[in-house]
Amino acid sequence: MTPATRQKVLGLYRKIFQIAKKWQSASGQTEETMKEKEYIINEARTLFRKNKHVTDPKLIEQCIEECEARIEIGLHYNIPYPRPIHLPPMGLAHKQGRTLRHQEKLRKISKPIYLKSHDEVS
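Note that this is a predicted model, so its numbers are computed, not measured.

Engineer: Before we go on, may I ask you to explain the overall build of the protein chain in this structure?
Structural biologist: Assigned secondary structure in the protein chain consists of five helices and zero strands. In sequence order, the protein chain lays out its α and β elements as α-α-α-α-α. Looking at the protein chain residue by residue over its 122 residues, the buried ones come to 26%. Here the analysis covers contacts within the protein chain between residues at least 6 apart in sequence; of these, 66% occur between residues at least 24 apart. Surface exposure of the protein chain reaches about 9200 Å², of which carbon and sulfur atoms provide 56%.

Now the structure itself:
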């Protein structure tokens, strides 16, 4: 990891903790605010520790883009959790075969950047 990339990653990590410190839930309830703050901190620690040993520059850049996207979406919608997405059900595909593999590939490709690591951690 280059020093510039390292500074960018550490800056994002600090930014997340600053956001968590100032976070207010949409409902304004103290209990809910505390749960959301705790979620933000735990999610950041988990993902940053999981990706601590990544060395591929392209993968590091993808992680940085995902982090920035999740920060922006969280601040915009005032929810710390990843926004759900709608993907069409795979009800038309057979349980095996080329059609199922093709639909699974399309679903994987269509997943937004801010959800790339969410399923891996959850």
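Read on, since the account is not over.
Engineer: Help me out: how do you make sense of the environment of valine 54 in this one?
Structural biologist: Within the secondary structure layout, valine 54 lies in the loop between helix H2 (30-50) and helix H3 (57-77). Once the C-alpha coordinates of valine 54 and methionine 1 are considered, the two residues, 53 residues apart in sequence, prove to be 8.6 Å apart. Valine 54 has contacts with Leu59 and Ile60, leaving out every residue within four places of it along the chain.

Engineer: Quick question: what am I supposed to make of the nonpolar core here?
Structural biologist: The nonpolar side chains of a soluble globular protein tend to be buried, and buried together. By size, the foremost hydrophobic cluster in this structure holds 13 residues, and its most contacted members are Leu12, Ile16, Ile40, Ile64, Cys67 and Ile71. Element by element, the count of residues in this core is highest for helix H1 (residues 3-22), at five residues. Dropping the residues within four chain positions of it, isoleucine 16 is found in contact with Ile40, Ala44, Phe48, Cys67 and Ile71.

Engineer: Looking at this model, I keep getting lost on the environment of alanine 26. Mind explaining?
Structural biologist: With respect to the secondary-structure elements, alanine 26 resides in the loop between H1 and H2. By relative accessible area, alanine 26 is classed as exposed at 61%. As a C-alpha pair, alanine 26 and tyrosine 77 span 51 residues in sequence and 9.0 Å in three-dimensional space.

Engineer: Would you take a moment to explain the packing of H1 against H2 for this structure?
Structural biologist: When two helices pack together, their arrangement is captured by the angle between the axes and the distance separating the axes. Where H1 meets H2, the axes come as close as 8 Å, and the angle between the chain directions of the two elements is 165°. When the axis of H1 is compared with that of H2, the two are roughly antiparallel. Considering the relative orientation of H1 and H2, their crossing is left-handed. Contact residues: Val9, Leu12, Tyr13, Ile16, Phe17, Ala20 and Lys21 in H1; Lys37, Ile40, Ile41, Ala44, Arg45 and Phe48 in H2. Among the residues making up the contact of H1 with H2, the classes are represented as ten nonpolar, no polar and three charged.

Engineer: It is not clear to me how H3 should be interpreted in this structure. Could you clarify?
Structural biologist: One turn of an α-helix holds 3.6 residues; hence residues three or four places apart share an orientation. In this model H3 runs 30 Å from its N-terminal to its C-terminal C-alpha over 21 residues, within 8% of the 30 Å that 1.5 Å per residue would give. For H3, the set of buried residues is Ile60, Ile64, Glu66, Cys67, Ala69, Arg70, Ile71, Ile73 and Gly74.

Engineer: I keep staring at H1 and nothing clicks. Help me out?
Structural biologist: The end-to-end C-alpha separation of H1 is 29 Å, in line with the 28 Å expected for 20 residues at 1.5 Å each. Those residues of H1 lying buried are Val9, Leu12, Ile16, Ile19 and Ala20. Within H1, the buried residues cover an arc of 100° as seen down the axis, which keeps them to one side. Residues of H1 that are exposed and point more than 90 degrees away from the buried face comprise Pro3, Ala4, Lys21 and Lys22. Against H2 and H3 lie the buried residues of H1.

Basis of the calculations
Residues numbered from 1 in each chain as written. Predicted model: local features only at pLDDT ≥ 70, side-chain atom pairs only at ≥ 80, totals over all residues. Heavy atoms only, no water. Helix = DSSP H or I, 4+ residues; strand = E, 2+ residues; numbered from the N terminus. Buried < 20%, exposed > 50% of the residue type's maximum accessible area, 1.4 Å probe, protein only. Contact = heavy atoms within 4.5 Å. Areas by Shrake-Rupley, 256 points an atom, 1.4 Å probe, with all protein chains shown as cover. Core = buried A, V, L, I, M, F, W, Y, C linked by side-chain atoms within 4.5 Å. Axes fitted to C-alpha atoms, helices over the stretch in contact; angles between N-to-C directions. Parallel < 35°, antiparallel > 145°, perpendicular 65-115°, else oblique. Left-handed = near helix turned anticlockwise from the far one by under 90°. Nonpolar A, V, L, I, M, F, W, Y, C, P; charged D, E, K, R; others polar. Expected span 1.5 Å × (residues − 1). Arc of directions from axis to C-beta.

In short, geometric facts, not functional conclusions.
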